[in-house]
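Fold and geometry: a report
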Amino acid sequence: MRKFLAVLEAHKYKIGLFALLTAASIVCVSLVSARIAYSDSRRYTSLVWNLFLAWIPFILAYLAYVMSWSRALVYVAIPAFAFLWLLFFPNAPYILTDLQHLGDRVTNVPLWYDVIMLIWFSWTGMLLGVVSLNLMQEIISRQLGRLAGWIFVFVVAD
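Every value quoted in this text rests on a predicted model; they were computed, and no experiment measured them.

What follows is about the environment of leucine 86. Within the secondary structure, leucine 86 is located in helix α5 (residues 77–88). Owing to a relative accessible area of 46%, leucine 86 belongs among the partly exposed residues under this scheme. Here the alpha-carbon distance between leucine 86 and alanine 61, two residues 25 residues apart in the chain, equals 9.5 Å.

Right under this line is the structure:
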């Protein structure tokens, strides 16, 4: 039990961040559900799928981060997770493109509600992407140095 508490204490910020991102995702899904109930329109249900896709690089980065503490896995599993992470990483900020649909008004839902809903989804997707990028940068920095970590961020963000 002490070992478990020590692990929780050592990773309390990452666990807290995971909890906040989960709560933000629940709010996002709740907003879409309320919109569907109010308007009988499934117009923005694709946002839920986009949010799911934004979680994939976060989960891959977190798994890679956890495995990176094992020296044997650094050279075997981490490159595979990093490659998969890089494939899915663009999905996280992609939710921002849904803001362009605000101009397509063909519903009885107030504009302010759609703005709030799209901003929640956009921020949650962006945070998932930024946190996953930070986790990957930490792995690179720990293994290859701080400069290599920042070069990685620059190359991926470009």
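Picking up where we left off.
This paragraph deals with the pattern of salt bridges. Counted under the stated rule, the structure contains two salt bridges. Taking the shortest distance from any N to any O, the salt bridge between glutamate 138 and lysine 14 comes out at 3.5 Å. A residue pair is termed long-range when its members are at least 10 positions apart, and glutamate 138 in helix α7 (residues 111–144) and lysine 14 in helix α2 (residues 12–39) qualify at 124 residues. Between aspartate 114 and arginine 35 there is a salt bridge, and its shortest N-O distance comes to 2.6 Å. Of the two residues, aspartate 114 sits in helix α7 while arginine 35 sits in helix α2, which places them 79 residues apart along the sequence.

This part covers the packing of α2 against α7. Two numbers describe a pair of packed helices, the interaxial angle and the distance between the axes. The interhelical angle for the contact between α2 and α7, taken along N-to-C directions, is 155 degrees, at an axis separation of 10 Å. Compared by their axis directions, α2 and α7 come out roughly antiparallel. Pair α2 / α7 crosses with left-handed handedness. Residue-level inspection shows Lys14, Leu17, Leu21, Ala24, Ser25, Val27, Cys28, Val29, Leu31, Val32, Ala34 and Arg35 of α2 in contact with α7, the latter providing Tyr113, Asp114, Met117, Trp120, Phe121, Thr124, Leu127, Leu128, Val131, Leu135 and Glu138. In terms of residue class, the contact of α2 with α7 is built from 17 nonpolar, two polar and four charged.

Bringing α7 into the picture now. Since one α-helical turn is 3.6 residues long, residues separated by three or four positions face the same way. An ideal rise of 1.5 Å per residue puts 50 Å on 34 residues; α7 measures up with 48 Å between its terminal C-alpha atoms. Once α7 ends, the next one or two residues include glycine 145, with phi positive near 110 degrees.

Trp85, Met117 and Phe121 are the most contacted members of the largest nonpolar core, which has 39 residues in total. When contributions to this core are tallied by element, the ones reaching two or more residues are α2, α3 (46–67), α5, α7 and α8 (146–157). With near-sequence residues (within four places) excluded, phenylalanine 121 lies in contact with Cys28, Val29, Val32, Leu47, Val48, Leu51 and Ile95.

What counts, and at which threshold
Residues numbered from 1 in each chain as written. Predicted model: local features only at pLDDT ≥ 70, side-chain atom pairs only at ≥ 80, totals over all residues. Heavy atoms only, no water. Helix = DSSP H or I, 4+ residues; strand = E, 2+ residues; numbered from the N terminus. Buried < 20%, exposed > 50% of the residue type's maximum accessible area, 1.4 Å probe, protein only. Salt bridge = Lys/Arg side-chain N within 4 Å of Asp/Glu carboxyl O. Axes fitted to C-alpha atoms, helices over the stretch in contact; angles between N-to-C directions. Parallel < 35°, antiparallel > 145°, perpendicular 65-115°, else oblique. Left-handed = near helix turned anticlockwise from the far one by under 90°. Contact = heavy atoms within 4.5 Å. Nonpolar A, V, L, I, M, F, W, Y, C, P; charged D, E, K, R; others polar. Expected span 1.5 Å × (residues − 1). Core = buried A, V, L, I, M, F, W, Y, C linked by side-chain atoms within 4.5 Å.

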